[in-house]
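So you can see what is in the structure, the chains are spelled out below.
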Amino acid sequence: MFEREEETVERVIQHLRRPVAIDAGLDARVMREIAQTPSQGRRAWPLWPLVAAAAVLAAVLFARPWNRNATSKADTLQFVLVAPQAASVALVGDFNDWDPARAPMQTAHGVWATVVRLAPGRYRYAFLVNGVEWRADPGAPAAKDDEFGTPSSVVTVGGRGS
Amino acid sequence: MILAALLLMTQVAAQDPRLERLDPDTRTAVAAVVDSAHGAGLPVEPIIQRALEGATKGAPGARIVAAVRRLAVDLGTARVALGTSASAPELEAAVAALRAGAAPEVLAHLRDVRRPPLTMALSVLADLVASGVPADSAAAAVLALAPKARDADLVEFRRAVERDIALGAPPGAATSVRLNAGALDVYGANSAANNPNSPRPRSRP
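Note that this is a predicted model, so its numbers are computed, not measured.

## Looking at the overall build of chain B
The number of helices and strands found in chain B is 10 helices and one strand. The helix and strand sequence of chain B, counted from the amino end, reads α-α-α-α-α-α-α-α-α-α-β. Within the span of chain B, comprising 205 residues, buried residues form 47% of the whole. Restricting to contacts in chain B with at least 6 residues of sequence separation, those with at least 24 account for 62%.

The following block contains the structure:
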């Protein structure tokens, strides 16, 4: 959810930054109008609506309070399993509802890998090999409190100086 | 009364479609635990995830229900130890530390000596015990490091201890040696996980 919001904001930013096509004769017309307008009695436009609009826009684009915590401290982790004989490997854990269909891993010469972006927290996970065999991550701490009879591992994403 | 309770349970189950992966009886029981935890102000996502883990691993419904009930109780214990301001990740890590053998007093002490978040410190404590370090030694080490160490320092400490254990050092001795040697300053060069299977960060915020 947070990722989608950030992507949306990013798209808005890109849209606002896009150069606007302006008629080549615009400058000349504007300068002509200015020249024809008497300086005395010319009324200055009130600036406060523009300032307010800019402030709101800045708040929307840069403050983004709804996703600050979720994205600024998130970490991108690469999970790797060496399994040359495997036909398929999925990474399942607390970060993807333990759904094998959501995290199939890609292989290169028997080295299976995938990348996951995680918010701060402690996550349990395991590798599901060939859809039937559960394997813990040999390079990560084991989940000691495995209550379901199959091995799991844990990974922790810190929120400070990690 | 019974009808109201049943309606409530049905409503809770309907609130999270992920629980539909459970069989109806298990779903009802898990939904009741989730609702109870929610009412007590405890985070429910860890409970849901534990139920989904059980479902994906094909565990019997009774075992799943027992697991989520136990987790809910432990989350409550963790909150008592850490206080009501503890975040969900902190509570989840605290549950791991408690299950590893850390006393609730250790968690409370940790809260007093380290500014939040405590998630990494609690996790390192649990992981050290999982590596074979006696719970008392692990708690003492983490409490000693907690006031000043960064999260990354704690992780490196854990890796160094695990590396020493893998090389044959007794877990308790490895912990105290690393702690007394002031290893935080020196093991940076060796800190990268040499094991190709370990999860590693691609980028740091």
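Here the narrative resumes.
## Some words on the overall build of chain A
When you go through chain A residue by residue, the secondary structure sums to four helices and seven strands. Along the chain direction, N to C, the helices and strands of chain A fall in the order α-α-α-α-β-β-β-β-β-β-β. The 162 residues of chain A split such that 27% are buried. The long-range share in chain A, meaning contacts at least 24 apart out of those at least 6 apart in sequence, stands at 60%.

## Comments concerning helix 5 (residues 88–100) of chain B
Residues and elements named next belong to chain B. Relative to the 18 Å expected for 13 residues at 1.5 Å per residue, helix 5 spans 18 Å between its end C-alpha atoms, a close match to the ideal helical length. When you tally the buried positions in helix 5, you get 11 out of 13 residues, the bulk of the element. Taken together, the buried positions of helix 5 are Pro89, Glu90, Leu91, Glu92, Ala93, Ala94, Val95, Ala96, Ala97, Leu98 and Ala100. Two residues or fewer past helix 5, Gly101 is found with a positive phi of approximately 120°.

## A few points about helix 7 (residues 119–130) of chain B
Residues and elements named next belong to chain B. Here helix 7 contains 12 residues, and its C-alpha end-to-end distance of 16 Å stays within 8% of the 16 Å for a straight helix at 1.5 Å per residue. Within helix 7, 12 of the 12 residues are buried, leaving the element largely enclosed by the surrounding structure. What helix 7 keeps buried is the set Thr119, Met120, Ala121, Leu122, Ser123, Val124, Leu125, Ala126, Asp127, Leu128, Val129 and Ala130.

## What about the packing of helix 2 (residues 24–39) of chain B against helix 4 (residues 61–82) of chain B?
All names here are of chain B. It is the contact of helix 2 with helix 4, at a shortest axis distance of 9 Å, that shows an interaxial angle of 5°. On the basis of their axis angle, the class for helix 2 and helix 4 is roughly parallel. Every residue of helix 4 that contacts helix 2 at Asp25, Thr26, Ala29, Val30, Val33, Ser36 and Ala37 is listed here: Gly61, Ile64, Val65, Val68, Arg69, Ala72 and Leu75. Classifying every residue of the contact of helix 2 with helix 4 by side-chain character gives nine nonpolar, three polar and two charged.

## Here we look at unusual backbone geometry
The amide bond that connects B:Pro116 to the next residue, B:Pro117, takes the cis arrangement and shows omega of 5°. You can see B:Pro117 is positioned in the loop between helix 6 (104–113) and helix 7. Even without a glycine there, the phi angle at A:Asp97 is positive, about 60°. Relative to the elements of secondary structure, A:Asp97 occurs in the loop between strand 2 (89–93) and strand 3 (106–108). Residue A:Asp97 is classed as partly exposed on the basis of its 18 C-beta neighbours within 10 Å. Phi is positive for A:His109, close to 60°, though the residue is something other than glycine. Here A:His109 is to be found in the loop between strand 3 and strand 4 (111–118).

## Remarks on the nonpolar core
In terms of nonpolar packing, the biggest core is built from 91 residues, with B:Val30, B:Ala94, B:Ala97 and B:Leu125 touching the most fellow members. Per element, the largest residue contribution to this core is 10 residues, and it comes from helix 4 of chain B.

## Here's the deal with the environment of B:Pro117
Classification of B:Pro117 by C-beta neighbours within 10 Å gives buried; the count is 21. Residues B:Pro117 and B:Pro89, spaced 28 residues apart in sequence, show a C-alpha to C-alpha distance of 8.6 Å.

## Quick word on the confidence of the model for chain A
Looking at chain A, the pLDDT average stands at 75 and 56% of residues meet or exceed 70. The spread of mean pLDDT over the elements of chain A runs between helix 4 (residues 68–72) of chain A, the lowest at 39, and strand 2 of chain A, the highest at 97.

## Some details on the confidence of the model for chain B
When pLDDT is averaged along chain B, the result is 85, and 81% of the positions lie at 70 or above. Segment residues 6–10 of chain B is flagged for pLDDT under 50; beyond a separation of four residues in sequence, or across chains, it makes four contacts in the model.

## Regarding the pairing of strand 2 of chain A
Counting buried residues in strand 2 of chain A gives five out of five residues, a clear majority hidden from the surface. Taking every second residue as pointing to the same face, both faces of strand 2 of chain A are buried, with A:Val89, A:Leu91 and A:Gly93 on one and A:Ala90 and A:Val92 on the other.

## What about the environment of B:Ala160?
Tracing the chain through its elements places B:Ala160 in helix 9 (residues 151–166). Here B:Ala160 falls in the buried class, since 22 other C-beta atoms lie within 10 Å of it.

## Structural notes on the packing of helix 4 of chain B against helix 5 of chain B
Residues and elements named next belong to chain B. Running from amino to carboxyl end, helix 4 crosses helix 5 at an angle of 100°, the nearest separation of the two axes being 8 Å. One way to sum up the angle between helix 4 and helix 5 is to call them roughly perpendicular. Facing helix 4, whose interface residues are Leu71, Asp74, Leu75, Thr77, Ala78, Arg79, Ala81 and Leu82, helix 5 presents Glu90, Leu91, Ala94, Val95, Leu98 and Arg99. Its residues placed into classes, the contact of helix 4 with helix 5 shows nine nonpolar, one polar and four charged.

Calculation notes
Within every chain, residues take consecutive numbers counted from 1 along the sequence as written. Whichever chain is written first is A, and whichever ligand is written first is 1; the rest continue in order. Given that the model is predicted, a residue must reach a pLDDT of at least 70 before its local features are reported, and side-chain atom pairs must reach 80 or more before they are shown or counted; all residues, however, enter totals for whole chains, interfaces and linings. Secondary structure follows DSSP: runs of H or I at least 4 residues long count as helices, runs of E at least 2 residues long count as strands, and numbering of each begins at the N terminus. Residues with at least 20 neighbouring C-beta atoms inside 10 Å of their own are called buried, those with 12 or fewer are called exposed, and the rest are partly exposed, where every C-beta is derived from the backbone. Think of it this way: build a C-beta for each residue from its backbone, and any pair within 7 Å is a contact. Expected span, for any helix, means 1.5 Å times one less than how many residues it has. Angles run from 0 to 180 degrees between N-to-C directions of axes, and those axes are lines fitted to C-alpha atoms, restricted for helices to the stretch in contact. Should an angle fall under 35 degrees it is taken as roughly parallel, and over 145 as roughly antiparallel, whereas 65 to 115 is taken as roughly perpendicular and any remaining angle as oblique. When residues are sorted by character, Ala, Val, Leu, Ile, Met, Phe, Trp, Tyr, Cys and Pro go into the nonpolar class, Asp, Glu, Lys and Arg into the charged class, and all the rest, Gly among them, into the polar class. Only buried residues count toward a nonpolar core: Ala, Val, Leu, Ile, Met, Phe, Trp, Tyr and Cys, linked into one set through C-beta atoms within 7 Å. pLDDT measures how confident the predictor is about each residue, on a scale from 0 to 100.

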